[in-house]
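# Structural overview
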Amino acid sequence: MKKFFTNLKAKRLMVSASLIAVFSLPASASETWYAYHAQVEAYPTGAGQVYISTESGVPESERQYSERQTKEIVAKYGTLYVYPKANEGWQCIGVTTDELNENEEWVYVESLSSIVYPDQEYITVNMPNGIHTKTIDPVTGTEQDADSATTATLMPLDPNNSFKTIFTHVAVDEFDDQDALGSTTISKLANDIGDKVTLTATPNDERCHFVKWTLDGKDVSTEASIDVDVTGVATYLAHFTADSAEVLHFAEEGEYKMWYSPDTRISIPSNVNYFFLYADSVQKEGDEIVAKPSPYRYSVSPGIPTILYGKGDAQIVKTPASPYGPGDNLFAYSGADGVKIDTLDVEKKYYTFDTNAVVFNQVSGTIAPNTVYVGIPDSVFTNAGKEVPATIPLKNLSSIATGIAAPVAKPVAIRKGIYTIDGRRVDAMEQKGVYIYDGKKVLYRKGK
């Protein structure tokens, strides 16, 4: 389908400016609206269907699937949720973003821009092209952001966001979230029975090494590039290791450990989680104050004190890196000499975590050396109408996406917004990589 613009070059410049604005808006930005038009189709024809929405978590009973859907959107952010449904004998692996050729026709791109993960029902897609409206103030003559109603008058738009939801038979992935160590590619994303495809595993750098391919838990090959005949649905997993790999030993039934490094990032396998504690994570429940820290996966950045929870042996990989600030995370680290509480913020109460009893215990005097502790603002207790407790139980763990069963089964509300995989909140997805968007892992490839 062609895209008709009277002044294509000017339109692209405006769209480019809009893109920069929409993904760099701070969370507290004023009312700024964008108009989008998205078309999403299942690819190849006959392999599956899609349902698209601007909402995550749409119940199955409310989804109306078809092979191709379009949607006009007026929103502050260009986010679309694609719900795939594979036909029998197929599997969905993600979404590609089409490109315009020199004839202004949409062209299929053999590269995933967003990935579907086993624990989610939808794929989060960022729409790059939209129209940002402005109005002229009649008094000052200056440009101002238009409201949603004014922006909606642009509809209908040209179909200037085109995506294909990819269904296939044979797929590739990194084993156990080892994308910090290497990447995988397949010669044909949407392959069919009878095809022959080449699977390639590539270590990320010289310290990383490919180990083997497995299929359904069985070893297939130790060669980084292999040819495979497509005979049915299968996902081949590439295993990597690294010179800086280390095994952490957790009890098989589950165990907590404190973690902090000032200059090292660690990757985390699927049998481990780490936690951030925010001020609103400490709250009143019944007659007591409880802590419900938010669980994260994938990697912990340097300079971030945290608590790990794992089951069994877990291979982590250490990478030298510059430290990040803690952001709004309440966890802190006492350092090699410990820290005297009377030198800290007097409007907070301080607690250390008992990894055996799974509680936070209030401390006074000096916090022991090399200890992860937390400073909870006095306002938390005041707002809850409770006295400062000596002990605060941790009550957030549920059976989360990793499959780690928690000691205390208590669901956690999804923390809305955009976060890096190490839990830092950001205003926009600016660099290529993996982010957590409204509690879900998404891949962003539009950055520099």
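In this report, the structure presented in the accompanying data block is examined.

Turning next to the overall build of the chain. Counting its secondary structure elements, the chain contains 3 helices and 41 strands. Residues classed as buried in the chain amount to 49% of the 448 residues present. For the chain, the exposed area adds up to about 21100 Å²; of that, 49% sits on carbon and sulfur atoms.

Attention now moves to the nonpolar core. Grouped together as the largest cluster of nonpolar side chains are 26 residues, with contacts concentrated most on Val170, Ile186, Val197, Leu199, Trp213 and Tyr236. Of all the secondary-structure elements, those providing two or more residues to this core are β14 (170-174), β16 (196-203), β17 (208-215), β19 (225-229) and β20 (234-242). Residue contributions to this core peak at 5 residues, all from β20. If we ignore the near neighbours within four places in the chain, the residues touching Ile186 are Val170, Ala171, Val172, Asn191, Val197, Thr198 and Leu199.

Moving on, we get to the environment of Asp176. As for its placement among the helices and strands, Asp176 is situated in the loop between β14 and β15 (182-186). Assessed through its relative accessible area of 23%, Asp176 is described here as partly exposed. On a C-alpha basis, the gap between Asp176 and Ile268 in space is 8.7 Å, while along the polypeptide they are 92 residues apart. In this structure Asp176 touches Pro269 and Ser270, once residues within four positions along its chain are discounted. Polar contacts involving the side chain of Asp176 include one to the side chain of Ser270, which spans 2.3 Å.

We now examine the pattern of salt bridges. Side chains bearing opposite charge may pair, as long as their charged atoms lie close to each other. One pass over the structure, following the stated rule, counts 14 salt bridges. A salt bridge links Lys196 to Asp229, with the nearest nitrogen and oxygen atoms 2.8 Å apart. On the criterion of sequence distance, the pair formed by Lys196 in strand β16 and Asp229 in strand β19 is long-range, its members being 33 residues apart. Residue Lys196 is classed as exposed on the basis of its relative accessible area of 55%.

Taken in spatial order, the 4 strands line up as β21-β30-β23-β28 in an open sheet, and their pairing is antiparallel. Bordering the open sheet on either side are β21 (245-249) and β28 (299-300), each of which pairs with just one other strand. Bridge count between β21 and strand β30 (residues 313-320): 5 bridges; the pairing is antiparallel. In the sheet register, Val247 faces β30, and the bridge partner there is Gln315.

Mapped onto the secondary structure, Ala35 falls in strand β1 (residues 34-43). With 41 residues separating them along the chain, Ala35 and Lys76 place their C-alpha atoms 8.7 Å apart. Beyond its immediate chain neighbours, meaning those up to four positions away, Ala35 contacts Ile73, Gly130, Ile131, Thr151, Leu154, Met155 and Leu157.

Before going further, it helps to spend a moment on unusual backbone geometry. Here the amide bond leading from Tyr43 into Pro44 is cis, since omega sits at 0°, within 30 degrees of zero. Mapped onto the elements of the fold, Pro44 is located in the loop between β1 and β2 (48-53). At the junction of Met155 and Pro156, the peptide bond is cis and its omega measures out at 0° in the coordinates. Assignment of secondary structure puts Pro156 in the loop between α2 (148-152) and β13 (162-168). In the Ramachandran plot, Asp216 falls in the positive-phi region, its phi being about 55° despite a non-glycine side chain. Summarising the element assignment, Asp216 is placed in the loop between β17 and β18 (218-221). On the basis of relative accessibility, which here comes to 72%, the residue Asp216 falls in the exposed class. Phi angles above zero are rare outside glycine, and Asn370 is one such case at about 55°. By the secondary structure assignment, Asn370 is in the loop between β35 (366-367) and β36 (372-377). The exposure class assigned to Asn370 is partly exposed, which follows from its relative accessible area of 47%.

What counts, and at which threshold
- Residues numbered from 1 in each chain as written.
- Predicted model: local features only at pLDDT ≥ 70, side-chain atom pairs only at ≥ 80, totals over all residues.
- Heavy atoms only, no water.
- Helix = DSSP H or I, 4+ residues; strand = E, 2+ residues; numbered from the N terminus.
- Buried < 20%, exposed > 50% of the residue type's maximum accessible area, 1.4 Å probe, protein only.
- Areas by Shrake-Rupley, 256 points an atom, 1.4 Å probe, with all protein chains shown as cover.
- Core = buried A, V, L, I, M, F, W, Y, C linked by side-chain atoms within 4.5 Å.
- Contact = heavy atoms within 4.5 Å.
- Polar contact = N/O pair within 3.5 Å; in protein donor to acceptor, adjacent residues only side chain to side chain.
- Salt bridge = Lys/Arg side-chain N within 4 Å of Asp/Glu carboxyl O.
- Pairing = 2+ DSSP bridges.

So far we have only geometry, and geometry alone does not tell us how the molecule works.
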